[in-house]
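One letter stands for each residue in the lines below.
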Amino acid sequence: MNKISIVKKLMLAAVLSLGSQLALAADKVLIVVTSHQQLGNSGEKTGYWLGEVTHPYQKLLQAGFEVEIASIQGGKAPLDARSVAEKDGVNDWFLADKQHADKLNNTKKLSELTPSSYKAVLFAGGHGTMWDFPSDTALQQLAAAIYQQNGVVAAVCHGPAALLNIRLNNGKYLIDGKKLTGFSNTEEAAVKLTTVVPFSLEDELRQRGGIFEKAADWQVKVVTDERLVTGQNPQSAAEVGMAVVKLLQAK
């Protein structure tokens, strides 16, 4: 084999390698969890709800997407212990694999990420989100950028707290005029935390112009409007992941 042929083969290999790397980057989805662990003035701890991470994570992974996990502060994210009180096979699957579990023990810091690296962002719930999601400017900028680059923005349960202050380039709130859902007032009352949380998620989503829809308490409810996907409660987490997959595969 002459030198020209060798050079051509090396150049082709380099191009294929670069193309593979670019394809991988284009197929990333980001799941964001809370860094807040104090449940108001109750004296109890909170954090992210594990199943609202693991169930969509599994659906995205099965569909061939690479999934990264970030939090507001980065590092080990606080787990709401109530979310592991009952047996959950998907949680067990996730925690049994160090590669998966380490993503929650070493979350990426949201403010250090580049929106163009992701095709979608999904905000997992847990009561902690009610304190740190709405006011985080890095979160707002990243989600707006992903949405405006034709990406998908999703949230489940209390995760839609992230949506409250996201504005697009036209100055409008992302959720203004869009159908959506989230943890409802009746569900908050059922868990006896209405007076503990800093605001009513359902009321604030409506206040921002969202067209709030809900099912009966603890029933699966997922709403897709354009490239916004929301789920009402923990029971809706897997279906939120499936709805995100459907949108991404349709592109």
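As a reminder, the structure under discussion sits directly above these lines.
Reading guide: rules and limits
Residues numbered from 1 in each chain as written. Predicted model: local features only at pLDDT ≥ 70, side-chain atom pairs only at ≥ 80, totals over all residues. Heavy atoms only, no water. Phe/Tyr/Trp six-rings, centres within 6.5 Å; stacked < 30°, edge-to-face > 60°. Helix = DSSP H or I, 4+ residues; strand = E, 2+ residues; numbered from the N terminus. Buried < 20%, exposed > 50% of the residue type's maximum accessible area, 1.4 Å probe, protein only. Lys NZ or Arg CZ within 6 Å of the ring centre and 35° of its normal. Pairing = 2+ DSSP bridges. Salt bridge = Lys/Arg side-chain N within 4 Å of Asp/Glu carboxyl O. Contact = heavy atoms within 4.5 Å. Axes fitted to C-alpha atoms, helices over the stretch in contact; angles between N-to-C directions. Core = buried A, V, L, I, M, F, W, Y, C linked by side-chain atoms within 4.5 Å. Parallel < 35°, antiparallel > 145°, perpendicular 65-115°, else oblique. Nonpolar A, V, L, I, M, F, W, Y, C, P; charged D, E, K, R; others polar. Polar contact = N/O pair within 3.5 Å; in protein donor to acceptor, adjacent residues only side chain to side chain. 1 Å grid on protein atoms, 1.4 Å probe; cavity = no way out; pocket = protein on both sides within 12 Å on 5 of 7 lines; lining within 4 Å. Points joined across faces, edges and corners; volume = space filled by probe spheres on them.

Caption draft 1: Structural context of the packing of aromatic side chains. Counted by the stated rule, this structure contains 5 aromatic pairs. Judged by centre distance (5.0 Å) and plane angle (85°), the rings of Tyr57 and Phe94 are edge-to-face. Of this pair, Tyr57 sits in helix α2 (residues 51-62) while Phe94 sits in helix α3 (residues 89-96); the two residues are 37 residues apart in sequence, bridging distant segments of the chain. Taken as a pair, Tyr57 and Phe94 share a single burial class, namely buried. Taking the ring centre of Tyr173 as reference, the NZ or CZ of Arg167 above it sits at 4.0 Å. The side chain of Arg227 reaches across the aromatic face of Tyr147, ending 4.1 Å from its centre.

Caption draft 2: Seen up close, the pairing of strand β8 (residues 222-225). Only one face of β8 is covered, namely the face carrying Val223 and Asp225; the face carrying Val222 and Thr224 is uncovered. The pairing of β8 with strand β9 (residues 228-231) spans 4 bridges and is classified as antiparallel. Residue pairing in the sheet places Val222 in a bridge with Gly231 of β9. Hairpin connection from β8 to β9: 2 residues lie between these consecutive antiparallel strands, with Glu226 at a positive phi of about 55°.

Caption draft 3: Main features of the pattern of salt bridges. According to the stated counting rule, one finds 7 salt bridges in the structure shown. Asp92 is paired through a salt bridge with Lys87; the nearest N and O atoms lie 2.6 Å apart. Take Asp92: its relative accessible area is 34%, and that puts it in the partly exposed class. Overall, the relative accessible area of 76% leaves Lys87 in the exposed class. Its salt-bridge partner being Glu213, residue Lys221 comes within 3.4 Å of it at the nearest N-O pair. Each of Glu202, Arg206 and Lys214 takes part in a single network of salt bridges with overlapping partners.

Caption draft 4: Layout of the sheet that holds β8. Taken in spatial order, the 7 strands of this open sheet run β3-β2-β1-β4-β5-β9-β8, and their pairing is mixed. Here the strands that pair on one side only, and so sit at the sheet edges, are β3 (108-109) and β8. The pairing of strand β1 (residues 28-33) with strand β2 (residues 66-71) spans 6 bridges and is classified as parallel. Residue pairing in the sheet places Leu30 in a bridge with Glu68 of β2. Its contacts with the sheet put α2 on β1, β2, β4 (120-123) and β5 (152-156), and the angle it makes with β2 is roughly 155°.

Caption draft 5: How the structure looks around the nonpolar core. In terms of nonpolar packing, the biggest core is built from 63 residues, with Leu30, Leu110, Val121, Phe123 and Val244 touching the most fellow members. Contacts of Val121, omitting those with residues within four sequence positions, involve Leu30, Val32, Leu142, Ala143, Ile146, Val152, Val153 and Ala154.

Caption draft 6: Representation of unusual backbone geometry. Positioned with a positive phi, Lys192 is a non-glycine residue whose angle comes to about 60°. Judged by its relative accessible area of 69%, Lys192 is exposed. The backbone of Trp218 shows a phi angle near 70°, a positive value even though the residue is not glycine. Mapped onto the elements of the fold, Trp218 is located in the loop between β7 (211-212) and β8.

Caption draft 7: The arrangement of the packing of α2 against α3 in detail. Where α2 meets α3, the closest approach of the two axes is 9 Å, and the angle between their N-to-C directions is 75°. One element, α2, and the other, α3, form an angle in the roughly perpendicular class. On α3, the residues that touch Gly51, Thr54, His55, Tyr57, Gln58 and Leu61 of α2 are Val90, Asn91, Trp93 and Phe94. Here the residues of the contact of α2 with α3 are counted per class, giving 5 nonpolar, 5 polar and no charged.

Caption draft 8: Region of interest: the side chain of Glu68. Summarising the element assignment, Glu68 is placed in strand β2. Within polar-contact distance, the side chain of Glu68 engages the side chain of Lys28 at 3.2 Å. What Glu68 contacts, discounting residues up to four positions off in sequence, is Lys28, Val29, Leu30, Ile31, Lys108 and Tyr118.

Caption draft 9: Inspection of the layout of surface pockets at higher detail. Within this model, the largest pocket holds a volume of roughly 540 Å³. Every residue lining the largest pocket is counted, 23 residues in all, and those nearest its centre are Trp49, Arg82, Ser83, Pro234 and Gln235. Within the residue set of the lining of the largest pocket, elements represented by two or more residues are α2 and α9 (237-249). Looking at the lining of the largest pocket, its residues break down into 9 nonpolar, 8 polar and 6 charged.

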